[in-house]
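Residue-level listing of the chains:
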Amino acid sequence: MSNERTFIAIKPDGVQRGLIGPIISRFEAKGFQLVAMKLVQPGKAHLEKHYADLATKPFFAGLVQYMCSGPICAMVWEGKEVVKTGRVLLGATNPLASAPGTIRGDFAIDVGRNVCHGSDSVESAKKEIALWFKPEELMSYTPAARSWIYE
Ligand code: IDP
Ligand code: MG
């Protein structure tokens, strides 16, 4: 199915470091389709909800503070297996363990400043997209290059 969707976010450090363009470029170049994008600073309650699964972790408070420290570029990307492959493009959670050629491998060092987020399953993608976007913010369109990307 080529209409799978994932939630990808450029975290405050990525925005401040001018990495919006380079990160978007990698998803575009791969052939994935941008269906929604906005710059937002949604606040503590929203980010606690986004990272609810990590609430018991010792780094949770610092993580929420980091995510609240500036604007986030929130996006939805669509394509065949985009959830799994999106995380391959991002690289491992700890940038020092991320392969060169991945976003975190190329642009980050510390796990607490790893510049981007990507949904870890189709189910969490659905939840995250619903948390960050209203249905009318998601665009449905056929990209001109579609038949040059999919056989
Ligand atoms: P993911 O972003 O690769 O899915 P998760 O385990 O879901 O990784 O953790 C969410 C985010 O929490 C990470 O991207 C990172 O910013 C932060 N994080 C994870 N582990 C640590 C840690 O040990 N120290 C500080 N921050 C962490
Ligand atoms: Mg995660």
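Before reading further, recall that the structure is shown in the block above.
Okay, so let's go over this structure. (Residues numbered from 1 in each chain as written. Chains lettered and ligands numbered in written order. Predicted model: local features only at pLDDT ≥ 70, side-chain atom pairs only at ≥ 80, totals over all residues. Heavy atoms only, no water.)

Looking now at helix H4 (residues 60-67). Buried within H4 we find Phe60, Leu63, Val64, Tyr66 and Met67. The buried residues of H4 occupy one face: seen down the axis, they fall within an arc of 160°. Those residues of H4 that are exposed and angled more than 90 degrees off the buried face are Ala61 and Gln65. As for H4, its buried residues are in contact with helix H1 (12-16), helix H3 (44-50) and strand E3 (72-78). (Buried < 20%, exposed > 50% of the residue type's maximum accessible area, 1.4 Å probe, protein only. Helix = DSSP H or I, 4+ residues; strand = E, 2+ residues; numbered from the N terminus. Arc of directions from axis to C-beta. Contact = heavy atoms within 4.5 Å.)

Applying the stated criterion across every chain yields a total of four aromatic pairs. Both rings, one in Phe7 and one in Phe133, keep their centres 6.4 Å apart while their planes meet at 65°; by these two values the pair is edge-to-face. Here the residue Phe7 occupies a position in strand E1 (residues 5-10), and Phe133 occupies one in the loop between helix H7 (122-132) and helix H8 (146-149), the gap between them amounting to 126 residues. What links up through ring pairs into an aromatic cluster is the set Phe7, Trp132 and Phe133. Note that Lys38 overlies the ring of Phe133, its terminal NZ or CZ placed 4.5 Å from the centroid. (Phe/Tyr/Trp six-rings, centres within 6.5 Å; stacked < 30°, edge-to-face > 60°. Lys NZ or Arg CZ within 6 Å of the ring centre and 35° of its normal.)

This part takes up helix H2 (residues 20-30). Taken together, the buried positions of H2 are Ile23, Ile24 and Phe27. On an axial view of H2, the arc spanned by its buried residues comes to 95°, and they lie on one face. Buried residues belonging to H2 abut E1, strand E2 (33-40), E3, helix H5 (82-90) and helix H6 (103-107).

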